[in-house]
Amino acid sequence: MLAISMDVENVPGALKAIAGVIADHGGNIVHIQQDSEGELARLYMEIEGVERPKVLLSELRSLDVVREVRVLRPLKEIYGKRVIVMGGGAQVAEVARGAITEADRHNIRGERISVDTIPLVGEENLAEAVRAVARLPRVGILVLAGSLMGGKIAEAVQELREEHGIPVISLNMAGSVPEVADLVVTDPVQAGVMAVMAISDAGVFDLSRVRGRKF
């Protein structure tokens, strides 16, 4: 995997020119981010399948629209898999406490697992956020932390699991979300711990063996 950051002129056709050079080298762009400020845009790309990275980098630097190219470590090697926690503020905080504590234990030993949280209320807001998880990079698992979730949120959970293969842990709460989650855990701290264990490469916890159970 080749990860690069580029300062590019913020003009029409710049991305097309860059993508064309990458395609000529057999590269496949698997992740891309762009931030634009005035005359310059900052592009971050992760590219697979490039057999001659030095030649590719040289050709990218020679493009008129490219100001600078930097080679970086891929984000997965730095931040690793992501645990996403959303729901009520107090419950989210407790789940995050368990997840961060467990992630620290794994990361000390060389893994990379990060924890992202967002406290949200409202059926529409939460359903939208659950569906948007599929658009986030490197997500390993979602934990829903609250006291009442159902309706459109449950529909979004089913879509996330069935269409995108992202597992979901739910706290033991009122509503229909616990019925459609992969796992239901009563203790929020334990839910965070189990979420990290479920996506860890070194862990022995197999979510598929306890799918549908409540703890």
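The structure contained in this document is the topic of the report that follows. (Residues numbered from 1 in each chain as written. Predicted model: local features only at pLDDT ≥ 70, side-chain atom pairs only at ≥ 80, totals over all residues. Heavy atoms only, no water.)

Quick look at the overall build of the chain now. When its secondary structure is counted, the chain shows eight helices and nine strands. Per-residue burial over the chain gives 45% buried out of 215 residues. Counted over contacts in the chain with a minimum sequence separation of 6, partners at least 24 positions apart contribute 73%. Carbon and sulfur atoms provide 49% of the accessible area of the chain, an area that totals close to 11300 Å². (Helix = DSSP H or I, 4+ residues; strand = E, 2+ residues; numbered from the N terminus. Buried < 20%, exposed > 50% of the residue type's maximum accessible area, 1.4 Å probe, protein only. Contact = heavy atoms within 4.5 Å. Areas by Shrake-Rupley, 256 points an atom, 1.4 Å probe, with all protein chains shown as cover.)

With that settled, the discussion passes to the sheet that holds strand 2 (residues 28-37). Think of a sheet as strands paired side by side through backbone hydrogen bonds, with each pair either parallel or antiparallel. Strand order in the open sheet formed by four strands is 2-3-1-4, and the pairing between neighbours is antiparallel. This sheet does not close on itself; its edge strands, each paired only once, are strand 2 and strand 4 (66-72). Pairs of neighbouring strands in the sheet enclose a mean axial angle of 20°, with direction left out of account. Summarising the sheet, strand 1 (residues 2-9) and strand 4 pair through six bridges and their orientation is antiparallel. If you follow V8 over to strand 4, its bridge partner there is V66. (Pairing = 2+ DSSP bridges. Axes fitted to C-alpha atoms, helices over the stretch in contact; angles between N-to-C directions.)

Moving on, we get to the nonpolar core. Here is a general trend for soluble globular proteins: nonpolar side chains tend to be buried in one another's company. Judged by nonpolar contacts, the single largest core of 44 residues is most densely connected at V83, M86, V130, L142 and L144. Tallying contributions element by element places strand 7 (residues 139-145) first for this core, with six residues. Those residues in contact with L144 that sit more than four places away from it in its chain are M86, V130, M149, I153, V157, V168, I169, S170, L171, M173 and V177. Grouped together as the second largest cluster of nonpolar side chains are 19 residues, M6, I18, L56 and V65 included. (Core = buried A, V, L, I, M, F, W, Y, C linked by side-chain atoms within 4.5 Å.)

A few words on the environment of K214. Positionally, K214 belongs in the segment after helix 8 (188-199). Owing to a relative accessible area of 57%, K214 belongs among the exposed residues under this scheme. With 110 residues separating them in the primary sequence, K214 and D104 have C-alpha atoms 26 Å apart. Setting aside anything within four residues of it in sequence, one finds K214 in contact with N172 and V184.

What follows deals with the pattern of salt bridges. A full pass over the atoms with the stated rule returns twelve salt bridges. For R70, the salt bridge is made with E68, and the minimal N-O distance between the two is 3.2 Å. Classification of R70 by relative accessible area gives partly exposed; the value is 22%. Here the residues in one salt-bridge network are D7, R42, E68 and R70, joined through shared partners. (Salt bridge = Lys/Arg side-chain N within 4 Å of Asp/Glu carboxyl O.)

Structurally, D104 can be placed in helix 4 (residues 89-108). On the basis of relative accessible area, D104 is assigned to the partly exposed category, the value being 45%. Counting along the chain gives 75 residues from D104 to E179, while the straight-line C-alpha distance between them is 30 Å.

The next subject is unusual backbone geometry. Although it is not a glycine, R138 sits at a positive phi angle of roughly 65°. Its location among the elements puts R138 in the loop between helix 5 (123-132) and strand 7.

Strand order in the open sheet made by the five strands is 6-5-7-8-9, with parallel pairing throughout. Unpaired on one side and paired on the other, strand 6 (113-119) and strand 9 (183-185) mark the two borders of the sheet. Sheet twist, expressed as the mean angle between neighbouring strand axes with direction ignored, is 20°. Each of strand 5 (81-87) and strand 7 is contacted by helix 5, which is oriented at about 170° to strand 5, the strand it contacts most.

Function cannot be read off these values alone, since they describe shape.
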